[in-house]
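Fold and geometry: a report
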Amino acid sequence: MDVRRRQPKPPRPAAGDPRRRQKSLRLPAPGVDRREPSPSSPKASDALPLPLYLTNAVFFTLFFSVAYYLLHRWRDKIRSSVPLHVVTFPEIAAIVSLIASFIYLLGFFGIGFVQSFISRASHDAWDVLDDEVAAGGDGFLPEDDGPPCAAIACPPPKLAEREPFDSALSSAEDEEFVKSVTDGKIPSYSLESMLGDCKRAAFIRREALQRMTGRSLKGLPLEGFDYESILGQCCEMPVGYVQIPVGIAGPLLLDGLEYSVPMATTEGCLVASTNRGCKAIYASGGATSVLLKDGMTRAPVVRFGSAKRAAELKFFLEDPDNFETLAMVFNRSSRFGRLQSIKCSIAGKNLYMRFTCSTGDAMGMNMVSKGVQNVLDFLQSDFPDMDIIGISGNFCSDKKPAAVNWIEGRGKSVVCEAIIKEEVVKKVLKTSVHSLVELNMLKNLTGSAVAGSLGGFNAHASNIVSAIFIATGQDPAQNVESSHCITMMEAVNEGKDLHMSVTMPSIEVGTVGGGTQLASQSACLNLLSVRGASRESPGANARRLATIVAGAVLAGELSLMSAISAGQLVKSHMKYNRSSRDVTKVGS
C-alpha cells in the first residue's frame, strides 16, 4: 500500500496577488502521482463512442474532405457564373459538417493528438517557441521511479552520476509550480506572466531545471540581480547570472580628456596590457580621434519576375530626384532615424537594397528596420510584383565579417592616432621604434594578407572591443564587424618617434536601449560620461563611446605589439594568465 505523508494546503493568494488571476491553472494536490491518473478517476474522453485518437482522425478527415469538396464546388460555380449564395442540400450538409468538425478540432486539439507527440519528447516545457502547454513527460522528481526519458526506453543514468543540489523552496505553492514545470504542465517561459514576480519565476525555473537534469547550479548566483530589468528585452527564461570581473584601464588621454576605461573579461593580462598602452599614450601627450562616418545599415532582399524589373527598382531607388520622397517615408518611424543613402546590388532577378541612416545615441538596428519596412510598404504600390523575401538579406551586414562593412563602413567609422616618443618606447614599452615598425609590417599587414584576413589587419583589436562591449551593455555578437581594424606604424621625426594609428570602419555601439540600461552596464557608461542620450546633441554620447573604443584599441595594440617585439608575451602570460589554485576550493 502506497502511504504518503499529507502536506499542508498552500496558502490562498491574496486579493491583489497576480497569481489569483490564473484561474485556468489547476495544479494537482501535493503528493499525487502526476504520471498516471487513478484507474477509478473518470476522464472527459470516456464519454466518446470511439477512442480519442480515432475520433480525432474521423473529424480531421471530415474537415479536410468537406473543405476540398466545397472549394471544388465554388470553383465550378465561378466558372459557370452561378451565384455562390445558391446552394444545394449536399452543399448545406457539407458546410454544417465543416463547421461542426472545426468546432470539435478547436475544442479537442491538444487532448490526444498533441499528447501523442509530447509523450515522445522530453522537457517540452522549455521550448520557447511552443505556444501549447506541454502535458505529460515526467520530470525527475525525488519520488519518481526514473528520469524523464524512462518512458521512451532511454537508459536511466545511475544515481551515482547525479550531482547533489540544494532545494530551498520558500512555500508549498512554489513546490507545486516546480512540479508542474517538471511534469510539462506549465511552460517554463510563461512563469513570469503567471506569477507576476520575475525573481520568483527565475527561482522556480532554476529549481525545476536542477530536478530535470539532476545537475546542480550551486555556483551560478541567483540573488542580487534585478530580473525585472531584463524582462522582454535582454534575456528570456533566466536561472541566474554570470559574474564577469570588470577591470579599469587608464587613464586614457584622448582628445584632451581623460577616460578610465571599464573592461569586462576573464583573460589575464588583457587589462594590464591595455593599461600599459594607456600609460605610454599619456606620457607621449595623448591620442586624437576623428569620426569619419556615422550610419547604421539594413539591407532587405526582394525578388521580381525578371532581372529587368529588378533593375528598374534599383534605378528608381538610386535616382537623386526620388531620395527626398523616400527619406520622408523612412523618417516617419523615429525622431532620430534619418535616411542618409540607399545603395543597391543585383543578383539575377533579386535586388538587395542597403539603407544607411543616422540613429542618434541608439545602436539603431530596430530603428533602421522600422524605417526600411515603411519604404517597402510604400514601394509596394508602385511595384506590386515585388516579392519581399526578407527584411535582412545579409548585404547589411550584421554580426558577420563582410567586405561591405570594411569598405563602406557600418555604425561609427573612426580613426585614432598618437605619436609615441622614443624615450617612452624604450622605458615603458621596453622595445624600439624600428622593431615595432618592422613587426607591424610583417605581422599585422603581410601576415594577415597571407592568411587572407578580412578586416583583421591588427594584433588583437577584438580583445579590447569585446571587453568594453560586455562592460557597457553592447551586443557582444557585433564584436565581429566592430573589430574590423587596420593598425599602422611608422617612424617619424627623423626615425626617433613612432606614429601609430588604428582605423576602425564599423564600430557599432549605443548608449541607450538594450543592455545599456541595466544597472552594472549603466554604471560603466556613467564612468565614461556617456550614459543615456545626449540632450545637447543627439548621438554625441554614442559617437564619443566609439572613439573611446578606438582609443582603447590603440592602447591595446601598442602594448601587445611591444610585448611581442621585446619577447615578453609568453613570460607575461605565464605570470598573470595562469594560476595553480583550485578554483572550486576557493569558491567553497
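See the structure above.
Residues numbered from 1 in each chain as written. Predicted model: local features only at pLDDT ≥ 70, side-chain atom pairs only at ≥ 80, totals over all residues. Heavy atoms only, no water.

This next bit is on helix 9 (residues 320–330). Within the sequence span of helix 9, burial applies to Asn-322, Leu-326, Ala-327, Val-329 and Phe-330. One face of helix 9 carries all of its buried residues, which in axial projection span an arc of 155°. Seen from the buried face of helix 9, the exposed residues on the opposite side, beyond 90 degrees, are Asp-321, Glu-324 and Met-328. Buried residues belonging to helix 9 abut helix 8 (307–318), strand 5 (338–347), strand 6 (350–358) and helix 10 (365–382). At the N-terminal end of helix 9, a side-chain oxygen is found 3.0 Å from the backbone nitrogen of Asp-321, two or three residues along, and the residue is Asp-319. (Buried < 20%, exposed > 50% of the residue type's maximum accessible area, 1.4 Å probe, protein only. Helix = DSSP H or I, 4+ residues; strand = E, 2+ residues; numbered from the N terminus. Arc of directions from axis to C-beta. Contact = heavy atoms within 4.5 Å. Polar contact = N/O pair within 3.5 Å; in protein donor to acceptor, adjacent residues only side chain to side chain.)

In this section: the packing of aromatic side chains. Enumeration according to the criterion identifies nine aromatic pairs in this entry. Between Phe-63 and Phe-64, the aromatic rings sit 5.2 Å apart at their centres with planes inclined by 85°, giving edge-to-face as the arrangement. Their ring planes at 25° and their centres at 5.3 Å tell us that Phe-225 and Tyr-241 sit as a pair that is stacked. Of the two residues, Phe-225 is situated in the loop between helix 6 (198–213) and strand 1 (246–254) and Tyr-241 in the loop between helix 6 and strand 1; the sequence distance between them amounts to 16 residues. Take Phe-225: its relative accessible area is 30%, and that puts it in the partly exposed class. Pairwise contacts between aromatic rings join Phe-60, Phe-63, Phe-64 and Phe-102 into one cluster. (Phe/Tyr/Trp six-rings, centres within 6.5 Å; stacked < 30°, edge-to-face > 60°.)

Sheet topology note: the strand 1/strand 2 (residues 257–264) ladder contains seven bridges and is antiparallel. Across the sheet, Leu-253 pairs through a bridge with Glu-258, a residue of strand 2. Count of turn residues in the strand 1/strand 2 antiparallel hairpin: two residues, of which Asp-255 carries a positive phi of about 55°. (Pairing = 2+ DSSP bridges.)

Note on placement: Gly-473 falls in the loop between helix 14 (461–472) and helix 15 (479–482). Between the C-alpha atoms of Gly-473 and Gly-515, which are 42 residues apart in sequence, the distance is 4.3 Å. In this structure, Gly-473 is in contact with Gly-515, Thr-516 and Gln-521, ignoring residues within four places of it in sequence.

With that out of the way, let us pick up the pairing of strand 6. Judged by how many residues are buried, strand 6 sits mostly within the fold: seven of nine residues are covered. By the bridge criterion, three bridges tie strand 3 (residues 288–298) to strand 6 in an arrangement that is antiparallel. Paired with Thr-297 across the two strands is Thr-356, which belongs to strand 6. Of the strand pairs in this sheet, strand 5 and strand 6 are connected by nine bridges, and their pairing is antiparallel. What sits directly across from Ser-345, in strand 6, is Tyr-352.

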